[in-house]
Amino acid sequence: MQANKIDTATTPDKKIFVKTYGCQMNMYDSIKMQDLMSPYGYGTTDSMDDADMVVLNTCHIREKAAEKTYSELGRVRQLKESRKKEKRNLIIVVAGCVGQAEGDEIFSRAPFVDIVVGPQSYHNLPNLVASIAEGNKNLIELDFIEEEKFDKLPINTSPQGISACISVQEGCDKFCTFCVVPYTRGAEFSRPLEHVYREVLNATSQGAIEITLLGQNVNGYHGKSVDGNDIKFALLIESLAEIKSLQRIRYMTSHPIDMDDDLIKLHGTEQKLMPFLHLPIQSGSNRMLKAMNRGHTREEYLEIMDKLRLAREDIAISSDFIVGFPGETDEDFADTMNIVQHLKFAQCYSFKYSPRPGTPAATKDNQVPENIKNERLKILQDAINKHQLEYNISCVGKIMPVLFDREGKHQGQIIGKSPYMQSVHITNPDETLLGKIIDVRIKEGRASSLAGEVV
Ligand code: SAM
Ligand code: SF4
């Protein structure tokens, strides 16, 4: 249905509530949706009860994502009904990858939903909202026009604080056989260098001193400069590092096949680039890597690790693993455990394989039984947790520059990030340290954090 233009001048003050599921890219999209609606009189609220518009920004990567969305929609529906009694409207939007994957099915199961919008079309949200205000119903927009999306989104994102996330690349052409991203986020697209630069500059003018560059395969970034030259990811980082007030640069998530030598070397030469890399391997078995269509072997991954350590000895590595991929045998799983024992990651995410509708692996007839997946996940997570604790304990006595970005749960506690992406907390500092990078001596290494004191 054709949506009309919304009138900025006459819209009264309203509130938008966005509930975000999934990754940092979704969090970034949620902020952008709030920013998009702001000129139309929509302020942001943290409470669904205050909202005139509720957006569920969904994730479809694992498990019963669609079911979770429908059950949350049940709650939102009650709110909409109680609003009706007060003669007020509540606009309900399903955004993100569940919207993209389910499409019209959402209206069949939840007819009270007003708008379904995919991750590549949410820049049209204001027009869709205007159309709902005119009495139209059940609007859906699922186009994949990345260039248009980034051109239409406001460059200036709302302040994200001392540490900001900026999306530089979206979508994926790699088609790992377990993954929905190529279907829900579309083809790989990199934003032009100038756009990213301007957004980072804006974030730093709002007080950010750390940025995390985001992308489904962020190190596969291949943007253009204003004069049309190809810009690879290492060059993008080098350009951004020139921004004086920017002190720390991070990026996620990366793919091993895009981990080129320029980027590896940059970890040794660019001091603003933090010594931490999240590089998912998924499995330690070459047979599984092939079945997953990952495009690299275990040996190639190990070679990248060697090169990285040569470039930056203290780099901390994290990874993602999937256990119970169709056809995974005890030997394949032993290969995964072997690489985990060998590399001793600083931290890791691990998941049971979750069949995603529409992906090649979901219809394989050699699915691994749930009890075996559970067993393997437990064994893997025990090892990962042990290594993380050992890594954290190995930091005791070291002095690290910590960027303090939030208050802790306990009285007088503040929390920050070490260069190696660990949470570090201190208690009762003499002065306010939030927003600053301060040298901290590590006193204690715990399962998922460090305790320290200001030097
Ligand atoms: N592009 C990144 C890469 O290729 O390494 C990963 C991005 S994906 C959004 C994040 C993680 O979710 C993956 O690394 C994988 O471990 C996990 N994942 C994706 N699909 C999955 C599935 N069907 N079942 C279980 N885990 C899955
Ligand atoms: Fe999904 Fe990452 Fe594979 Fe792309 S490279 S299909 S995002 S797991």
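Definitions and cut-offs
Residues numbered from 1 in each chain as written. Chains lettered and ligands numbered in written order. Predicted model: local features only at pLDDT ≥ 70, side-chain atom pairs only at ≥ 80, totals over all residues. Heavy atoms only, no water. Near = heavy atom within 4 Å. Nonpolar A, V, L, I, M, F, W, Y, C, P; charged D, E, K, R; others polar. Buried < 20%, exposed > 50% of the residue type's maximum accessible area, 1.4 Å probe, protein only. Helix = DSSP H or I, 4+ residues; strand = E, 2+ residues; numbered from the N terminus. Contact = heavy atoms within 4.5 Å. Polar contact = N/O pair within 3.5 Å; in protein donor to acceptor, adjacent residues only side chain to side chain. Core = buried A, V, L, I, M, F, W, Y, C linked by side-chain atoms within 4.5 Å. Areas by Shrake-Rupley, 256 points an atom, 1.4 Å probe, with all protein chains shown as cover. Axes fitted to C-alpha atoms, helices over the stretch in contact; angles between N-to-C directions. Parallel < 35°, antiparallel > 145°, perpendicular 65-115°, else oblique. Pairing = 2+ DSSP bridges. Expected span 1.5 Å × (residues − 1). Salt bridge = Lys/Arg side-chain N within 4 Å of Asp/Glu carboxyl O.

Draft legend 1. Fine view of the site of ligand 2. The local shell around ligand 2 consists of Cys-172, Lys-174, Phe-175, Cys-176, Phe-178, Cys-179, Val-181, Pro-182, Asn-217, His-255 and Arg-294. For the shell around ligand 2, the per-class residue count stands at seven nonpolar, two polar and two charged.

Draft legend 2. A look at helix H5 (residues 125-133). Along H5, eight of the nine residues are buried, which leaves the element largely enclosed by surrounding structure. For H5, the complete set of buried residues consists of Leu-125, Pro-126, Asn-127, Leu-128, Val-129, Ala-130, Ser-131 and Ile-132. If you follow the buried residues of H5, they end up packed against helix H1 (24-37), strand E2 (42-44), strand E3 (53-58), strand E4 (91-96), strand E5 (115-117) and strand E6 (139-141).

Draft legend 3. Spotlight on the environment of Arg-250. The topology assignment puts Arg-250 in strand E13 (residues 248-252). Residue classification places Arg-250 among the buried positions, given a relative accessible area of 4%. Residues Arg-250 and Ile-211, 39 residues apart in the sequence, show an inter-C-alpha distance of 6.2 Å. Filtering out sequence-adjacent residues up to four positions away, Arg-250 remains in contact with Glu-210, Ile-211, Thr-212, Leu-213, Met-274, Phe-276, Lys-417, Ser-418, Pro-419 and Met-421. Within the local environment of Arg-250, its side chain forms a polar contact with the backbone oxygen of Ser-418, the two atoms lying 2.9 Å apart.

Draft legend 4. Local environment of the nonpolar core. In this structure, Leu-213, Phe-233, Leu-236, Leu-240 and Tyr-251 are the most contacted members of the largest nonpolar core, which totals 50 residues. No other element matches the six residues that helix H9 (residues 233-241) contributes to this core. In this structure Phe-233 touches Val-168, Leu-213, Val-218, Asn-219, Tyr-221, Tyr-251 and Leu-263, once residues within four positions along its chain are discounted. Counting residues in each nonpolar core, the second largest holds 23 residues, with Val-55, Ile-115, Leu-125 and Ile-132 among its members.

Draft legend 5. View of the site of ligand 1. The local shell around ligand 1 holds 18 residues, among which Gln-216, Gln-282, Arg-294, Asp-320 and Ser-354 are the closest. One of the side-chain nitrogen or oxygen atoms of Arg-62 is found 2.8 Å away from an oxygen atom of ligand 1. In the model, an oxygen atom of ligand 1 is placed 2.6 Å from a nitrogen or oxygen of the Asp-320 side chain. For ligand 1, the protein covers 90% of the area, taking 570 Å² as the surface of the free molecule. Those elements giving two or more residues to the shell around ligand 1 turn out to be strand E15 (316-323) and strand E16 (347-352).

Draft legend 6. Quick look at the packing of helix H12 (residues 298-311) against helix H13 (residues 330-343). H13 packs onto H12 with a crossing angle of 10° between their chain directions and a minimal axis gap of 12 Å. Taken together, the axis directions place H12 and H13 in an arrangement best described as roughly parallel. The segment H12 lies against H13, with Arg-298, Tyr-301, Leu-302 and Met-305 engaging Asp-335, Asn-338, Ile-339, His-342 and Leu-343.

Draft legend 7. Just the pairing of strand E18 (residues 413-417), in detail. Burial analysis of E18 places five of its five residues in the buried class, the great majority of the element. The alternating pattern of E18 places Gln-413, Ile-415 and Lys-417 and Ile-414 and Gly-416 on opposite faces, both of which are buried. The pairing of strand E17 (residues 399-407) with E18 spans four bridges and is antiparallel. Residue pairing across strands places Leu-403 opposite Lys-417, the latter belonging to E18. Bridge count between E18 and strand E19 (residues 423-427): five bridges; the pairing is antiparallel. Along E19, the bridge assignment pairs Gly-416 with Val-424. Between E18 and E19, which pair antiparallel and follow one another directly, the connecting turn spans five residues, one of which, Met-421, has a positive phi of 70°.

Draft legend 8. Spotlight on H1. With 14 residues, H1 should cover 20 Å at 1.5 Å per step; its first-to-last C-alpha distance of 20 Å lies within 8% of that length. Within H1, eleven of the 14 residues are buried, leaving the element largely enclosed by the surrounding structure. Within H1, the full set of buried residues consists of Met-25, Asn-26, Tyr-28, Asp-29, Ser-30, Lys-32, Met-33, Gln-34, Asp-35, Leu-36 and Met-37.

Draft legend 9. Spotlight on the side chain of Gln-100. Structurally, the position occupied by Gln-100 is in helix H3 (residues 97-102). Assessed through its relative accessible area of 11%, Gln-100 is described here as buried. Among the polar contacts made by the side chain of Gln-100, one reaches the main-chain carbonyl oxygen of Leu-142 at a distance of 3.1 Å. Each residue touching Gln-100, except ones within four places of it in the same chain, is listed here: Gly-118, Pro-119, Leu-142, Phe-144, Tyr-183 and Thr-184.

Draft legend 10. Quick look at the sheet that holds E19. Taking strand neighbours around the barrel as the criterion, the five strands line up as E17-E18-E19-E21-E20 in a closed arrangement whose pairing is mixed. The sheet shows a mean angle of 55° between the axes of neighbouring strands, taken without regard to direction.

Draft legend 11. Inspection of the pattern of salt bridges at higher detail. If you walk through the whole model with that rule in mind, you get 30 salt bridges. The partner of Lys-19 in a salt bridge is Glu-72, with the nearest N and O atoms 3.5 Å apart. Of this pair, Lys-19 sits in strand E1 (residues 14-20) while Glu-72 sits in helix H2 (residues 65-85), and the two are 53 residues apart along the sequence. For Lys-19, a relative accessible area of 29% puts it in the partly exposed group. Note on Glu-72: relative accessible area 5%, which makes it buried. By sharing partners, the salt bridges in this structure join Glu-210, Arg-248, Arg-250 and Lys-417 into a single network.

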